[in-house]
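Listed here are the chains, written in short residue letters.
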Amino acid sequence: MQAIELISRNGLTFYRFPLLARFPEVVHGVFTRLGGVSTGPYTSLNLSYAVGDRPEAVRENRQRVLRALDLEELVGADQVHGLRESVVSATATAAATELPAVDILITREPGLGLLIKQADCQAVMLYDPEHRVVANVHCGWRGQVAGILGQVVSRLGKLFASRPEGLLAGIGPGLGPCCAEFRHFRQEFPPKFWQYQVRPGYFDLWRLSRDQLLAAGLKPDNICLAGLCTKCRPAEFYSFRRDGVTGRQGAVIALRPRQPGR
Ligand SMILES: [Zn+2]
C-alpha cells in the first residue's frame, strides 16, 4: 500500500494515509500550506493564531479546513512539548478553540476535528477501529525524548481499553534525516537515540517515531510514514528551521459526523 496520497478538494491540497482512509467512519487530512488566505511569510494556509498572522486570516483558513473535510468543529491545542492529553468533548470546545498546555488530543465525539499544528515537528495521528477513538499528537524531538508516543498508547489503553496491536498510526511530515541536524545531541538526546544518527549530527526522527510506536506494541503493518521533509519542500510546507518567522500547517483527524455537515 502507498504510504500517503495527495488530495485536492475545495481549493485545498492535503495528504491522506490510505491506511486510515479505508475506514469510512474516520476523516483525516495532513494539510499543506496551499489554498489559504494568509500572506507574507504566512502564505497561505496558516492555522496558528500564535505566530503573528492576522486572526481573521487564520479563522478563514480554519473554516476552509472544516469545509474540505466536511466537519463541524475544530479543536486545537496550545502545544508545549509536554506529555499531557486532553480528552475532547463537544462541551469542552464551546469554551476554547485552543486547549491549554496539551500535546495530545483524543476524542470519541463524531464531527470534532483534532488539530495539531506544526512546522518541522511531526503530527502523529492514531485510530482505534475497535473502540472508535481517534488521537492526534504533537511530536517534536522533545516529545520523542519524553516518550510521548508511548504515553498516548498507554493513555488510550487506560481510558478506552485500546489494545496497542489494534491501533493504526500515521506519522506526518516533519524534518527528515536530510535536515534534522542536532549539533548538541549529546546533551539533548539520550544515548539510546544515537543509533538514529545517519551522518554526523543528523538524525532520522521518522524512524525514531516508528520505532517508538513499535516499542509501544503497534504492529509494523499498522504504521505508515509520510516521509515528507518540511524543510526540503518550501512550496508545500512551512518550516521553522528554514524560515524562522513562518506559519504552521495542520493535521486533522476526526470521526465522521453522524449527520453530514452543511
Ligand atoms: Zn530535508
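Per chain, residues are indexed from 1 in the order of the written sequence. Side-chain atom pairs in this predicted model are given and counted only at pLDDT of 80 or more, local residue features only at pLDDT of at least 70, and totals for whole chains, interfaces and linings cover all residues. Where side-chain values are given, they derive from all heavy atoms of the structure, hydrogens and water being excluded.

The next subject is unusual backbone geometry. The omega torsion across Thr43 and Ser44 is -10 degrees, close enough to zero to call that bond cis. Tracing the sequence through the fold places Ser44 in the loop between β3 (26-31) and α2 (55-69). At Asn10, a residue that is not glycine, the phi angle is positive and equals roughly 50 degrees. Among the structural elements, Asn10 can be located in the loop between β1 (5-9) and β2 (12-16). Its identity as a non-glycine residue notwithstanding, Asp120 has a phi of 105 degrees, on the positive side. Here Asp120 is to be found in the loop between β8 (112-118) and β9 (122-128). Put simply, DSSP H or I for four residues or longer makes a helix, DSSP E for two residues or longer makes a strand, and each gets a number counted from the N terminus.

A few words on the sheet that holds β9. For two strands to pair, DSSP has to find at least two bridges joining them. Taken in spatial order, the six strands make up an open sheet running β5-β7-β10-β9-β11-β14, and their pairing is mixed. Each of the sheet's edge strands pairs with one partner strand only, and the pair in question is β5 (85-87) and β14 (223-225). Pairwise comparison of adjacent strand axes, ignoring direction, gives a mean angle of 15 degrees for this sheet. Examined bridge by bridge, β9 and strand β10 (residues 133-139) share seven bridges and lie antiparallel to one another. Within β10, the residue paired with Tyr127 across the bridge is Val134. In what follows, residue pairs with any heavy atoms lying within 4.5 Å of each other are defined as contacts. Orientation is described by axes fitted as lines to C-alpha atoms, over the contacting stretch for helices, and by angles from 0 to 180 degrees between their N-to-C directions. Against the sheet, helix α5 (residues 148-160) touches β5, β7 (104-107), β9 and β10, its axis set at about 155 degrees to β10.

In this section: the nonpolar core. We define a nonpolar core as any set of buried Ala, Val, Leu, Ile, Met, Phe, Trp, Tyr and Cys residues linked to one another through side-chain atoms lying within 4.5 Å. Only protein chains enter the calculation, and the probe is 1.4 Å; a residue is then buried if its accessible area is under 20% of its type maximum, exposed if over 50%, and partly exposed in between. Core analysis: the biggest nonpolar cluster contains 29 residues, and Phe17, Leu105 and Tyr127 have the highest contact counts within it. Secondary-structure elements contributing two or more residues to this core are α1 (18-21), β3, β4 (73-78), β8, β9 and β15 (249-255). When near neighbours in sequence (up to four residues on either side) are disregarded, Tyr127 contacts Leu20, Phe23, Glu25, Val26, Arg132, Val133, Val134, Gly166, Leu167, Leu168 and Leu255. In this structure, Ile148, Leu149, Ala169 and Ile171 belong to the second largest nonpolar core, which totals 20 residues.

Don't take any of this as a statement about function, it's just geometry.
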